[in-house]
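# Topology and contacts: notes
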Amino acid sequence: MVQLEHFATPVDKVVSRLRTLDATWPERDGVAVFNRVYLTVTEEVDRHVDAGQFPDAQAAITLDVRFAERYLAAVEAVAEERRPPACWRPLFQLRRHPGVRPLQFALAGINAHIGHDLALAVVDACRTLDCEPVHLEDEFDHVGDILSTLEERIREDLMPGPDVLQIADPLTHLIGSWSLEQARDGAWSAARALWALRALPDLADGFARRLDAAVGLASRMLLTPLPD
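Let me begin by describing the structure that accompanies this report. Quick caveat, the model's predicted, so the values are computed rather than measured. (Residues numbered from 1 in each chain as written. Predicted model: local features only at pLDDT ≥ 70, side-chain atom pairs only at ≥ 80, totals over all residues. Heavy atoms only, no water.)

### Notes on the packing of aromatic side chains
Put simply, the rule is: Only centres within 6.5 Å qualify two rings of Phe, Tyr or Trp (six-membered ring in Trp) as a pair; their planes then separate them into stacked at under 30 degrees, edge-to-face at over 60, and tilted for everything else. Labels follow the DSSP assignment, with helices taken as runs of H or I lasting at least four residues and strands as runs of E lasting at least two, numbered in each case from the N terminus. A simple rule labels every residue: compare its accessible area, found with a 1.4 Å probe on the protein chains alone, to the largest value its type can have, and call it buried under 20%, exposed over 50%, or partly exposed in between. Cation placement over rings: the criterion is NZ of Lys or CZ of Arg within 6 Å of the ring centroid and within 35° of the ring normal.
This structure, assessed with the given rule, holds eight aromatic pairs. Here phenylalanine 34 and tyrosine 71 contribute two aromatic rings whose centre-to-centre distance is 5.1 Å and whose plane-to-plane angle is 80°, an arrangement assigned as edge-to-face. Note that phenylalanine 34 is positioned in helix H2 (residues 30–50) and tyrosine 71 in helix H3 (residues 57–79), a separation of 37 residues in sequence. The same class applies to phenylalanine 34 and to tyrosine 71, which are both buried. Plain terms: the ring middles of tryptophan 88 and phenylalanine 92 are 6.5 Å apart, the flat faces sit at 65° to each other, and that makes the pair edge-to-face. According to the relative accessible area criterion, phenylalanine 92 is buried, its value standing at 10%. Aromatic rings pair up to connect Phe34, Tyr38, Phe67, Tyr71, Trp88 and Phe92 into one cluster. Here the basic side chain of arginine 95 rests over the ring of tryptophan 25, its NZ or CZ set 5.3 Å away from the ring centre.

Here it is as structure tokens:
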């Protein structure tokens with residue numbers, strides 16, 4: 001059998017960075033829970049890139065790396081005792097809270113990354129590639145499909161079993177208030193709005209700040225401590 005040669009891409013560097021973080025943090029740490037989820041997603045995106053499953057591999061790589069840079073920048077900000085974006089603050093502030101369940105940590109991180117970072121990453125990628133958001137729509141949708149495929153598995157892996165129904169009942173209601181599909185749709189609309197406002201930096205900055213704050217509020221609600 002002829003094996004396909006693997007070429008290192010910038011996505012491989014992101015995967016390496018996520019693996020390093022995974023080995024650094026305690027398993028129960030809330031940010032570590034999200035990091036493991038994000039590592040799984042990024043590894044899957046990398047496999048799709050290597051298999052030639054994206055319409056435009058360069059566009060997919062650029063979008064994925066710009067996307068990851070937003071999360072990694074938040075991690076670096078906290079490590080250097082600087083304030084991360086508002087969307088990430090609840091996760092970092094409550095990362096060791098004993099009343100917050102692993103699934104809550106995972107969804108709060110996904111909410112911050114999709115709801116805020118993805119919209120800005122689309123704009124970043126468009127500037128890098130000198131293109132309009134519409135030219136990245138296929139890559140955006142493909143990454144979203146990968147996320148949707150993995151979301152159900154993530155929920156199943158992190159949802160408490162039937163022996164802890166006292167926890168599962170309020171958790172089921174809480175996580176039912178959040179939708180990956182709606183977060184994706186909101187990110188795409190926000191990206192298009194930010195791109196349309198690029199010639200009006202004051203308005204664009206104001207829009208981005210309000211998006212950051214709104215996503216942060218949703219993340220804080222997802223991290224509501226639950227009773228034992």
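### Comments concerning the pattern of salt bridges
Where side chains of opposite charge bring their charged atoms close, a pairing between them can arise. Counted only if it meets this: Salt bridge criterion: a side-chain nitrogen from Lys or Arg within 4 Å of a carboxyl oxygen from Asp or Glu.
Evaluation of the coordinates by the stated rule reveals nine salt bridges. The residue arginine 66 makes a salt bridge to glutamate 69 at a minimum N-O spacing of 3.2 Å. Of this pair, arginine 66 and glutamate 69 both sit in helix H3, three residues apart, which is roughly one turn of that helix. We classify arginine 66 as partly exposed; its relative accessible area is 23%. Measuring nitrogen to oxygen at the nearest pair gives 2.9 Å for the salt bridge that ties aspartate 124 to arginine 70. Of this pair, aspartate 124 sits in helix H5 (residues 102–129) while arginine 70 sits in helix H3, and the two are 54 residues apart along the sequence. If you follow the salt bridges from partner to partner, you end up with Asp29, Arg95 and Arg96 in one network.

### Focus: the nonpolar core
As a reminder, the rule being used: The definition of a nonpolar core used throughout is a set of buried Ala, Val, Leu, Ile, Met, Phe, Trp, Tyr and Cys residues joined through side-chain atoms within 4.5 Å. Residues count as neighbours in contact if any of their non-hydrogen atoms are within 4.5 Å of one another.
Core analysis: the biggest nonpolar cluster contains 75 residues, and Tyr71, Trp88, Ile110, Ile114 and Val122 have the highest contact counts within it. The element best represented in this core is H5, accounting for 16 residues. Non-local contacts of isoleucine 110, meaning those with residues more than four positions away in its chain, are made with Phe34, Val37, Gly115, Trp178 and Leu180.

### A few points about the environment of glycine 99
As for its placement among the helices and strands, glycine 99 is situated in the loop between helix H4 (89–93) and H5. In this structure the C-alpha to C-alpha distance between glycine 99 and leucine 226, which are 127 residues apart in sequence, comes to 5.3 Å. Beyond its immediate stretch of four places on either side in the chain, glycine 99 contacts Gln104, Pro225 and Leu226.

### Thoughts on the packing of H3 against H5
Each pair of packed helices can be described by the angle between their axes along with the distance between the axes. The following threshold applies: Between N-to-C directions, angles span 0 to 180 degrees; the directions come from axes that are lines fitted to C-alpha atoms, helices contributing only their stretch in contact. By definition in this entry, angles of less than 35 degrees are roughly parallel, angles greater than 145 are roughly antiparallel, angles of 65 to 115 are roughly perpendicular, and the rest are oblique. The crossing is said to be left-handed when, going from far helix to near helix, the turn is anticlockwise and less than a right angle, and right-handed when the turn is clockwise. When residues are grouped by polarity, Ala, Val, Leu, Ile, Met, Phe, Trp, Tyr, Cys and Pro land in nonpolar, Asp, Glu, Lys and Arg in charged, and all others, Gly among them, in polar.
Axis separation between H3 and H5 bottoms out at 8 Å; the angle between their running directions is 130°. Here H3 lies oblique to H5, going by the angle between them. Note that H3 runs across H5; the crossing there is right-handed. Touching Gln58, Ala59, Thr62, Leu63, Arg66, Phe67, Ala68, Arg70 and Tyr71 of H3 are His113, Ile114, Asp117, Leu118, Leu120, Ala121, Val122, Asp124, Ala125, Thr128 and Leu129, all from H5. Classifying every residue of the contact of H3 with H5 by side-chain character gives 12 nonpolar, four polar and four charged.

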